[in-house]
Amino acid sequence: MEHIVLQPDEIHFFYTMPDEIQDRLLLEKYHEVTSKKEKEKTDRYLFKKNRHNCLVTRGLQRFVLSQCTNIPPESLVFEENRYGKPYIKPGSTNIPIKFNLSHAKGLTACAVILNKEIGIDVEDSTRKINLNIADRFFSRQESEYIQNMHEHKKKETFFDFWTLKESYIKAKGRGLSIPLAKFSFKINDNKTSIHFDESFNDNSNNYIFFRFPLLKRFKAAITIQASENLKFKLNIYHCIPFKKIKPVPDY
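Novice: Please explain the overall build of the protein chain as it appears in this structure.
Specialist: Check the secondary structure of the protein chain and you find 6 helices and 12 strands. Computed over the C-alpha atoms, the radius of gyration of the protein chain is 18 Å, within 12% of the 18 Å expected from 2.2 N^0.38 for a compact globule of 251 residues. On the principal axes, the C-alpha backbone points of the protein chain span a range of 50 × 40 × 35 Å. Of all 251 residues assigned to the protein chain, the portion counted as buried reaches 49%.

In structure tokens, the structure reads:
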């Protein structure tokens, strides 16, 4: 399989569906390339399905990053920042690659980019959700926006906001240490923008956002720390790690 050559103005977003992957040889490959620490994390899950999902996630991460860096998948070494965001150990490669992972029930994703910090989130938009949690965790502007939507659009809009907010805090590398109510998104068909509370120090001009559906069931969002004047091409692939990568058209 040919390696992926990253370009500065491209994002590569790979997703896989763990339930589709039951081939014993593939699963053995995922287990073979994971580290001892990753194996221990996988084995801590009580239920077989959760262990399977974790194993596939590790396989996806190592496969994608190996394809992008030419480092053998079993040789990749990861470290984490103080908030748990992973990155490739400095000195491992001269390719300035950044990546992020996300998973929902039935889908796992990994996105890569050069030089820019990136955060992604995927959510199953068909799952049951209490929309009142927007009042607790979202900004007042976002909560009111959802309340004013037509009833059949409220849930969809909730997940638009949810995935964007998760992708932003992951791009920052600080997770939920950033209060979700300290920033607000404005969305329409053509534009996504972010606005910050006066007490929160950040610049809305320093981010680019993507949001899109996957397989009619999932919502996905990407945040890149880059000047809003820059243009990036988003490439999306359905991937079975160590077996195939299939580009998804129309993105």
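Novice: Quick question: what am I supposed to make of helix H3 (residues 48–69) here?
Specialist: For an α-helix, the turn length of 3.6 residues means that residues three or four places apart are oriented alike. Taking 1.5 Å of rise per residue, 22 residues should cover 32 Å, and H3 covers 32 Å from first to last C-alpha, within 8% of that figure. Burial analysis of H3 places 17 of its 22 residues in the buried class, which makes it a mostly covered element. A positive backbone phi angle near 70° is found at Asn 70, which sits one or two residues after H3.

Novice: Would you take a moment to explain the packing of helix H5 (residues 140–147) against helix H6 (residues 151–171) for this structure?
Specialist: Two numbers describe a pair of packed helices, the interaxial angle and the distance between the axes. Closest axis-to-axis distance for the H5/H6 pair is 9 Å, and the angle between their directions is 155°. On the basis of the axis angle, H5 is roughly antiparallel to H6. Only Lys 154, Thr 157, Phe 158, Phe 161 and Lys 165 of H6 make contact with H5, whose side of the interface consists of Glu 142, Tyr 145, Ile 146 and Gln 147.

Novice: How should the pairing of strand S9 (residues 207–214) be read in this particular structure?
Specialist: A regular strand places its side chains so that they alternate between the two faces of the sheet. Within S9, 6 of the 8 residues are buried, which leaves the element mostly enclosed by the surrounding structure. Turn length for the S9-strand S10 (residues 218–225) hairpin, with the two strands adjacent in sequence and antiparallel, is 3 residues, and the turn residue Leu 215 shows positive phi of about 60°.

Novice: What is the right way to read unusual backbone geometry from this model?
Specialist: Trans peptide bonds make up most of the peptide bonds, and negative phi angles are found at most residues other than glycine. The residue Asn 70 is not glycine, and still its phi comes out positive at about 70°. Locating Asn 70 in the fold gives a position in the loop between H3 and strand S2 (78–80). The backbone of Phe 242 shows a phi angle near 70°, a positive value even though the residue is not glycine. Along the chain, Phe 242 turns up in the loop between strand S11 (233–240) and strand S12 (244–248). By relative accessible area, which is 24% here, Phe 242 ends up partly exposed.

Novice: Looking at this structure, how should I read the layout of surface pockets?
Specialist: Any empty space left between atoms is shown by rolling a water-sized probe over those atoms. When its volume is computed, the largest pocket comes out at roughly 1000 Å³. In terms of lining residues, the largest pocket is bounded by 41 residues, among which Lys 41, Arg 58, Glu 80, Pro 86 and Leu 101 are the most central. Within the residue set of the lining of the largest pocket, elements represented by two or more residues are helix H2 (36–43), H3, S2, strand S4 (97–104), strand S5 (107–114), strand S6 (118–124) and H6. Among the residues forming the lining of the largest pocket, the class breakdown is 12 nonpolar, 14 polar and 15 charged. As a volume, the second largest pocket reaches approximately 730 Å³. Listing elements by their share of the lining of the second largest pocket, those giving two or more residues are H6, strand S8 (192–196) and S9. When its residues are assigned to classes, the lining of the second largest pocket shows 13 nonpolar, 8 polar and 9 charged.

Novice: Before we go on, may I ask you to explain the side chain of Ser 167 in this structure?
Specialist: Take Ser 167: it is sitting in helix H6. Residue classification places Ser 167 among the buried positions, given a relative accessible area of 0%. Within the local environment of Ser 167, its side chain forms a polar contact with the side chain of Thr 223, the two groups lying 2.7 Å apart. Discounting residues that sit within four places of it in the chain, Ser 167 has contacts with Gly 119, Ile 120, Asp 121, Ala 221, Ile 222 and Thr 223.

Novice: How should I be thinking about the pattern of salt bridges in this particular structure?
Specialist: For side chains bearing opposite charge, pairing can occur when the charged atoms are close. Enumeration according to the criterion identifies 17 salt bridges in this entry. In this structure, the salt-bridge partner of Arg 140 is Glu 144, at a minimum N-O distance of 3.5 Å. Of this pair, Arg 140 and Glu 144 both sit in helix H5, separated by 4 residues, roughly a single helical turn. A residue is classified by how much of its surface remains accessible, and Arg 140, at 54% relative accessible area, is exposed.

Novice: Just checking my understanding: could you explain the environment of Gly 119 for this structure?
Specialist: Within the secondary structure, Gly 119 sits in strand S6. The exposure class of Gly 119 is buried, given its relative accessible area of 0%. Between the alpha carbons of Gly 119 and Ile 224 there is a distance of 6.7 Å; along the sequence they are 105 residues apart. Discounting residues that sit within four places of it in the chain, Gly 119 has contacts with Asn 100, Ser 167, Lys 170, Ala 171, Ala 221, Ile 222 and Thr 223.

The rules we used
Residues numbered from 1 in each chain as written. Predicted model: local features only at pLDDT ≥ 70, side-chain atom pairs only at ≥ 80, totals over all residues. Heavy atoms only, no water. Helix = DSSP H or I, 4+ residues; strand = E, 2+ residues; numbered from the N terminus. Rg over C-alpha atoms; globule rule 2.2 N^0.38 Å. Buried < 20%, exposed > 50% of the residue type's maximum accessible area, 1.4 Å probe, protein only. Expected span 1.5 Å × (residues − 1). Axes fitted to C-alpha atoms, helices over the stretch in contact; angles between N-to-C directions. Parallel < 35°, antiparallel > 145°, perpendicular 65-115°, else oblique. Contact = heavy atoms within 4.5 Å. Pairing = 2+ DSSP bridges. 1 Å grid on protein atoms, 1.4 Å probe; cavity = no way out; pocket = protein on both sides within 12 Å on 5 of 7 lines; lining within 4 Å. Points joined across faces, edges and corners; volume = space filled by probe spheres on them. Nonpolar A, V, L, I, M, F, W, Y, C, P; charged D, E, K, R; others polar. Polar contact = N/O pair within 3.5 Å; in protein donor to acceptor, adjacent residues only side chain to side chain. Salt bridge = Lys/Arg side-chain N within 4 Å of Asp/Glu carboxyl O.

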